[in-house]
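Residues per chain, in single letters:
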Amino acid sequence: MSETTTSGNTVRKGPGPGPASYFPSIEKKYGRPVAEWKDLIRASPLTKHMELVAWLKTDHGLGHGHANALVAHTLAE
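What counts, and at which threshold
- Residues numbered from 1 in each chain as written.
- Predicted model: local features only at pLDDT ≥ 70, side-chain atom pairs only at ≥ 80, totals over all residues.
- Heavy atoms only, no water.
- Core = buried A, V, L, I, M, F, W, Y, C linked by side-chain atoms within 4.5 Å.
- Buried < 20%, exposed > 50% of the residue type's maximum accessible area, 1.4 Å probe, protein only.
- Helix = DSSP H or I, 4+ residues; strand = E, 2+ residues; numbered from the N terminus.
- pLDDT = per-residue confidence, 0-100.
- Contact = heavy atoms within 4.5 Å.
- Axes fitted to C-alpha atoms, helices over the stretch in contact; angles between N-to-C directions.
- Left-handed = near helix turned anticlockwise from the far one by under 90°.
- Nonpolar A, V, L, I, M, F, W, Y, C, P; charged D, E, K, R; others polar.
- Phe/Tyr/Trp six-rings, centres within 6.5 Å; stacked < 30°, edge-to-face > 60°.
- Lys NZ or Arg CZ within 6 Å of the ring centre and 35° of its normal.

Considering the nonpolar core
Grouped together as the largest cluster of nonpolar side chains are 15 residues, with contacts concentrated most on Trp37, Leu56, Leu62 and Leu70. For this core, the elements supplying multiple residues, two or more each, are helix H1 (23-30), helix H2 (34-43), helix H3 (49-60) and helix H4 (64-75). With four residues, the single largest contributor to this core is H3.

Side note on the confidence of the model for the protein chain
When pLDDT is averaged along the protein chain, the result is 86; 79% of the residues meet or exceed 70. Ranking the elements of the protein chain by mean pLDDT puts strand S1 (residues 3-6) last with 46 and H3 first with 98. Counting interchain partners and residues more than four positions distant, the pLDDT-below-50 stretch residues 1-6 has 18 contacts.

What to know about the packing of H2 against H3
For the pair H2 and H3, the least separation of the axes is 11 Å and the interaxial angle reads 115 degrees. The hand of the H2/H3 crossing is right-handed. Here Trp37, Leu40 and Ile41 of H2 come into contact with H3, specifically with Leu52, Trp55, Leu56 and His60. Across the contact of H2 with H3, the residue classes break down as six nonpolar, one polar and no charged.

Brief notes about the environment of arginine 32
Topologically, arginine 32 is positioned in the loop between H1 and H2. Among residues more than four places away in sequence, those in contact with arginine 32 are Glu27, Trp37, Leu40 and His60.

A word on the packing of aromatic side chains
Scanning the model with the defined rule gives one aromatic pair in all. For the ring pair tyrosine 30 and tryptophan 37, a centre distance of 6.1 Å and an interplane angle of 80 degrees mean the geometry is edge-to-face. Taking relative accessible area as the criterion, tryptophan 37 reaches 2% and is therefore assigned buried. The lysine or arginine in question, arginine 32, covers the ring of tryptophan 37, its NZ or CZ lying 4.6 Å from the ring centre.

See below:
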């Protein structure tokens, strides 16, 4: 979680820019924790980024941005 100080006040923000910024909306929209999605990605026999994105969209009903964020974050680990 990022913090910004303005006028002496600390303001807490979400996870910051990048793929992780999508995680709260992914969990809310699809009702599964991000860790579960990442486990599915790791267990898939697919290895290429866009193959995994297409699989999440087709087989699991994710939107492109959400699927892309999950795959990017998982493959970067």
